[in-house]
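# A look at the structure
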Amino acid sequence: HNDATLSSTNNTIMATDPEVPTAAALAKLDEGTISTNDSATVCKRSAVEKGYYSDPFLKYFCEDLRWSPQPPIMNRGYYIRITVVWEMVAGFSMASKGKCQIVNIGAGYDTLYWRLKAAGIGFTKYLELDFPEVIERKQRIIDGHETLKSNTDGTYAAAAVDLRDQAEVRRMFESNGIAFDVPTLFISECVLVYMAPEHSRALLELGASFDAVAWIDYEPINSTDSFGRVMMRNLKEKNIAMPGIHATPTTQAQADIFKECGFEDVNARTLGQAYFEVEEADRQRVERLEMFDEYEEWDLINSHYCLTSACKSKDQSLDFKSLLGTSKKMPPRRGFPLMAVFAD
């Protein structure tokens, strides 16, 4: 299952490895990173097909991808990640009364934009950033399916940008109508580890410069134990490099970086801890879907992924702290369960 778990990495932008100096080698590494979009998409489809959560838009992005069912341990991992992120995004929209911006970094084929619109969860702007190849492929899929095209309006934008160039990122924000004085939510799933630490820090500092901001981040951690070494070796064989993973070996290290970059309130927890932020009734539903006895491996894998939520705001009336979640006591949820929203 280690190889299957490694396929859960989402795509990102312009990965860099300081040990590979040539442009050709860097381009090859980018190809490896781009390929993770496809593997993440088919893994999400597996979880949807098995009933872990509902996503009526995902099928359009899987038509050209080779798909096969994933093991239960993979399906559960995607369920946690998708569900907890969904709850936090919905909560951010409610806290800002729908007057907010969402920036999805390394979005790949993520369908969050259409799911939010279908559920009536408000926002004023939704910007996706990714590699040019991914942006172009996704736009062709949108244009080729009326269900997607008819539900895509002026609130949606997508752009290719090198995240290492902060001046370029800032220009991309401005050219796509992202305002620094509007409540803004950043989402990065398996993105920061593909960047050198100095570049990811600069990106976080840029995000923290917004007047009212929250950031949801999901990354692999703990790469130095036996499981982590196997994970890194398998990724290397797939030509996928993670220059930033050693900078955040633990959840505490991840939280420290967000605070050092300007965020005031941060909660970094393992995926296993985040599982208990999901409503108990839905956890029980999921646990009945497939036979499962891999609890030791489940705990091991979940301890190698970190879900971080961070926020800061100059406006005291905007309270984003309730979105941080906690592994000790689940905060009140206002109820946007994916299965209920998109029930057939």
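Residues numbered from 1 in each chain as written. Predicted model: local features only at pLDDT ≥ 70, side-chain atom pairs only at ≥ 80, totals over all residues. Heavy atoms only, no water.

### Some details on helix 12 (residues 280-287)
Three or four residues apart is the spacing at which side chains of an α-helix point the same way, because the helix has 3.6 residues per turn. Listing the buried residues of helix 12 in full gives D282, R283, R285 and V286. Looking straight down helix 12, one finds its buried side chains confined to an arc of 160°; they lie on one side. (Buried < 20%, exposed > 50% of the residue type's maximum accessible area, 1.4 Å probe, protein only. Helix = DSSP H or I, 4+ residues; strand = E, 2+ residues; numbered from the N terminus. Arc of directions from axis to C-beta.)

### What about unusual backbone geometry?
Phi angles above zero are rare outside glycine, and K97 is one such case at about 55°. Within the secondary structure layout, K97 lies in the loop between helix 3 (72-95) and strand 1 (101-105). Phi at C190 is positive, roughly 55°, even though this residue is not glycine. When you line up the elements, C190 lands in the loop between strand 4 (184-189) and helix 8 (197-208).

### Re the sheet that holds strand 7 (residues 305-313)
Sheet strands pair by backbone hydrogen bonding; their relative direction is either parallel or antiparallel. Here we have seven strands laid out as an open sheet, ordered 3-2-1-4-5-7-6, and mixed in their pairing. Only two strands of the sheet have a single neighbouring strand rather than two, namely strand 3 (156-160) and strand 6 (265-270). Geometrically, the sheet is characterised by an average inter-axis angle of 15° between neighbouring strands, direction not taken into account. Bridging between strand 2 (residues 125-130) and strand 3 involves five bridges; their strand directions are parallel. Looking across to strand 3, one finds that L129 is bridged to A159. (Pairing = 2+ DSSP bridges. Axes fitted to C-alpha atoms, helices over the stretch in contact; angles between N-to-C directions.)

### A few points about helix 7 (residues 166-175)
Where helix 7 is concerned, the buried positions are Q166, V169, M172 and F173. Buried residues of helix 7, viewed axially, fall in a sector of 120°; they line one side. Across helix 7 from its buried face, at more than 90 degrees, point the exposed residues E174 and S175. Elements that come into contact with the buried residues of helix 7 comprise strand 1, strand 2, strand 3, strand 4 and helix 8. A distance of 3.2 Å separates the backbone nitrogen of A167 from a side-chain oxygen at the start of helix 7, and that oxygen is part of D165. Positive phi appears at G177, one or two residues downstream of helix 7, with a value of about 75°. (Contact = heavy atoms within 4.5 Å. Polar contact = N/O pair within 3.5 Å; in protein donor to acceptor, adjacent residues only side chain to side chain.)

### Some thoughts on the pairing of strand 6
Summarising burial for strand 6: five of the six residues are buried, a large majority. Direction of pairing for strand 6 relative to strand 7: antiparallel, over a ladder of six bridges. Looking at strand 7, one finds that T270 is bridged to C306.

### Here's the deal with the pattern of salt bridges
What the rule picks out here adds up to 13 salt bridges. For R115, the salt bridge goes to D55, with nearest N and O atoms at 3.6 Å. Here R115 is found in helix 4 (residues 112-119), whereas its partner D55 is found in the loop between helix 2 (23-49) and helix 3, with 60 residues between them in sequence. Of the residues examined, D55 reaches a relative accessible area of 7% and is grouped as buried. One salt bridge in this structure joins D153 and K117, with 2.8 Å as the shortest N-O distance. In this pair, D153 is assigned in the loop between helix 6 (146-149) and strand 3 and K117 in helix 4, connecting sequence segments 36 residues apart. Its relative accessible area of 36% is what places D153 among the partly exposed residues. Linked through salt bridges whose partners overlap, the residues forming this network are K44, D55, D110 and R115. (Salt bridge = Lys/Arg side-chain N within 4 Å of Asp/Glu carboxyl O.)

### Here's the deal with the packing of aromatic side chains
Overall, the coordinates contain 24 aromatic pairs when judged by the stated rule. Measuring from ring centre to ring centre gives 5.4 Å for F61 and Y109, while their planes differ by 35°; the resulting arrangement is tilted. Taken as a pair, F61 in the loop between helix 2 and helix 3 and Y109 in the loop between strand 1 and helix 4 lie far apart in primary sequence, 48 residues in all. Measuring from ring centre to ring centre gives 5.9 Å for F173 and F210, while their planes differ by 80°; the resulting arrangement is edge-to-face. Placement of the pair is F173 in helix 7 and F210 in the loop between helix 8 and strand 5 (212-220), with a sequence separation of 37 residues. Across this residue pair, the class does not change: F173 and F210 are buried. Clustering of aromatic rings is evident, with ring pairs tying together F61, Y109, Y113, W114, F123, Y126 and Y156. In this arrangement the basic side chain of R45 is found over the ring face of W67, its NZ or CZ atom lying 4.4 Å from the centre. (Phe/Tyr/Trp six-rings, centres within 6.5 Å; stacked < 30°, edge-to-face > 60°. Lys NZ or Arg CZ within 6 Å of the ring centre and 35° of its normal.)

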